[in-house]
Amino acid sequence: MEKTSRNMEWKTLKSEYLIRRPWLTARRDTVELPTGAINDEYYVLEYPDWINVIAVTREGKMVLVRQYRHALGKTCYEIVAGVIENGEPPLEAAKRELMEETGYGNGSWKELMALSPNSSTCTNITHCYLATDVEKISEQHLDATEDIEVYLLEKEEVRAMLEKGDIRQALMAAPLWRYFAKSGLKQTEVKK
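Residues numbered from 1 in each chain as written. Predicted model: local features only at pLDDT ≥ 70, side-chain atom pairs only at ≥ 80, totals over all residues. Heavy atoms only, no water.

Caption draft 1: Geometry of the packing of aromatic side chains. Taken as a whole and assessed by the stated rule, the structure comprises four aromatic pairs. Aromatic pair W10 and Y42: ring centres 5.0 Å apart, planes at 90°, arrangement edge-to-face. Placement of the pair is W10 in the segment before β1 (11-21) and Y42 in strand β3 (residues 38-46), with a sequence separation of 32 residues. Residue W10 is classed as partly exposed on the basis of its relative accessible area, which comes to 41%. A centroid spacing of 5.2 Å and a plane angle of 70° characterise the contact between Y179 and F180, whose relative ring orientation is edge-to-face. Residue Y179 shares its accessibility class with F180, and that shared class is buried. A cation over an aromatic ring shows up here: R20 above the ring of Y17, its NZ or CZ 3.6 Å from the ring centre. (Phe/Tyr/Trp six-rings, centres within 6.5 Å; stacked < 30°, edge-to-face > 60°. Helix = DSSP H or I, 4+ residues; strand = E, 2+ residues; numbered from the N terminus. Buried < 20%, exposed > 50% of the residue type's maximum accessible area, 1.4 Å probe, protein only. Lys NZ or Arg CZ within 6 Å of the ring centre and 35° of its normal.)

Here you go:
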């Protein structure tokens with residue numbers, strides 16, 4: 001595929017905030033494309049950056065959480081995730097969220113990847129971390145609006161959950177798939 005250096009940036013002609021709340025900020029932009037076309041209703045969701053953590057204990061178990069997700073109306077297994085506080089480095093946010101949600105910490109940490117939730121409408125980035133050799137060092141420290149159960153699962157169990165579509169949150173499935181691809185864990189036999 002031939003690469004081009006053509007400028008494809010849009011020019012923002014006008015912005016109007018429709019809602020500004022702690023967990024939802026939405027604006028409507030009027031934009032001009034390089035072709036001269038005008039789109040007077042382009043919607044953008046502004047969020048702070050997020051983190052998520054694939055945590056593996058010293059014994060080789062994966063630390064997952066289970067919680068109700070109101071938008072889907074389902075209780076879901078997930079990896080730890082959360083918002084990066086204003087001015088907080090992403091790695092520190094990841095360590096804080098793992099400790100708060102599960103009580104696990106320490107270990108070795110590295111950034112696995114960074115993803116956009118939806119590059120066409122969302123402003124934020126999700127920083128995905130791998131924490132290995134974590135250990136239980138505290139109790140959970142949940143917010144009043146959090147109801148989270150902690151599970152230690154075999155890697156094969158988590159891989160099977162991915163294959164069956166039991167982990168649906170895309171920003172969690174993507175780093176998990178990368179982790180399993182790099183770790184060489186073979187595909188499991190999926191029962192329908």
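Caption draft 2: Geometry of helix α3 (residues 170-183). Between its terminal C-alpha atoms α3 stretches 20 Å, which fits the 20 Å expected from 14 residues at 1.5 Å a residue. When we look at burial in α3, the residues that qualify are L171, M172, A173, P175, L176, Y179 and F180. The backbone nitrogen of L171 lies 2.6 Å from a side-chain oxygen of the residue at the head of α3, namely Q169. G184 lies just past α3 and shows a positive phi near 80°. (Expected span 1.5 Å × (residues − 1). Polar contact = N/O pair within 3.5 Å; in protein donor to acceptor, adjacent residues only side chain to side chain.)

Caption draft 3: View of the pairing of strand β2 (residues 24-32). In this sheet, β2 lies alongside β1 in antiparallel orientation, the contact comprising nine bridges. When the bridges of β2 are listed, K14 appears paired with T30. Taking the residues that link successive antiparallel strands as the turn, the β1-β2 hairpin has two residues. Direction of pairing for β2 relative to β3: antiparallel, over a ladder of seven bridges. (Pairing = 2+ DSSP bridges.)

Caption draft 4: Examining the nonpolar core more closely. In this structure, I54, M62, V158, I167, L176 and Y179 are the most contacted members of the largest nonpolar core, which totals 17 residues. Elements that contribute at least two residues to this core include exactly β4 (50-57), β5 (62-69), α2 (155-164) and α3. Setting aside its immediate chain neighbours within four residues, Y179 contacts I54, V56, M62, L112, L130 and K155. Counting residues in each nonpolar core, the second largest holds 16 residues, with V80, I84, A131 and V134 among its members. (Core = buried A, V, L, I, M, F, W, Y, C linked by side-chain atoms within 4.5 Å. Contact = heavy atoms within 4.5 Å.)

Caption draft 5: View of the pattern of salt bridges. Within the structure shown, the criterion is met by 12 salt bridges. The salt bridge partner of K61 is E154, with a shortest N-O separation of 2.8 Å. Taken together, the residues K61 in the loop between β4 and β5 and E154 in the loop between β11 (149-153) and α2 connect sequence positions 93 residues apart. Residue classification places E154 among the partly exposed positions, given a relative accessible area of 33%. Through salt bridges with shared partners, one network takes in E88, R96, E97 and E100. (Salt bridge = Lys/Arg side-chain N within 4 Å of Asp/Glu carboxyl O.)

Caption draft 6: Representation of the sheet that holds β2 in the model. Across the sheet, which stays open at both edges, the three strands sit in the order β1-β2-β3 with antiparallel pairing between neighbours. Two strands bound the open sheet, and with one partner strand each, they are β1 and β3. Pairs of neighbouring strands in the sheet enclose a mean axial angle of 20°, with direction left out of account. (Axes fitted to C-alpha atoms, helices over the stretch in contact; angles between N-to-C directions.)

Caption draft 7: Representation of the packing of α2 against α3 in the model. At a closest axis distance of 11 Å, the pairing of α2 and α3 adopts a crossing angle of 125°. Here α2 lies oblique to α3, going by the angle between them. Along this stretch, α2 crosses α3, giving a crossing that reads as left-handed. Residues K155, V158, R159, L162 and E163 of α2 lie in contact with α3, whose contacting residues are A173, L176, W177, Y179 and F180. Of the residues belonging to the contact of α2 with α3, the class tally is seven nonpolar, no polar and three charged. (Parallel < 35°, antiparallel > 145°, perpendicular 65-115°, else oblique. Left-handed = near helix turned anticlockwise from the far one by under 90°. Nonpolar A, V, L, I, M, F, W, Y, C, P; charged D, E, K, R; others polar.)

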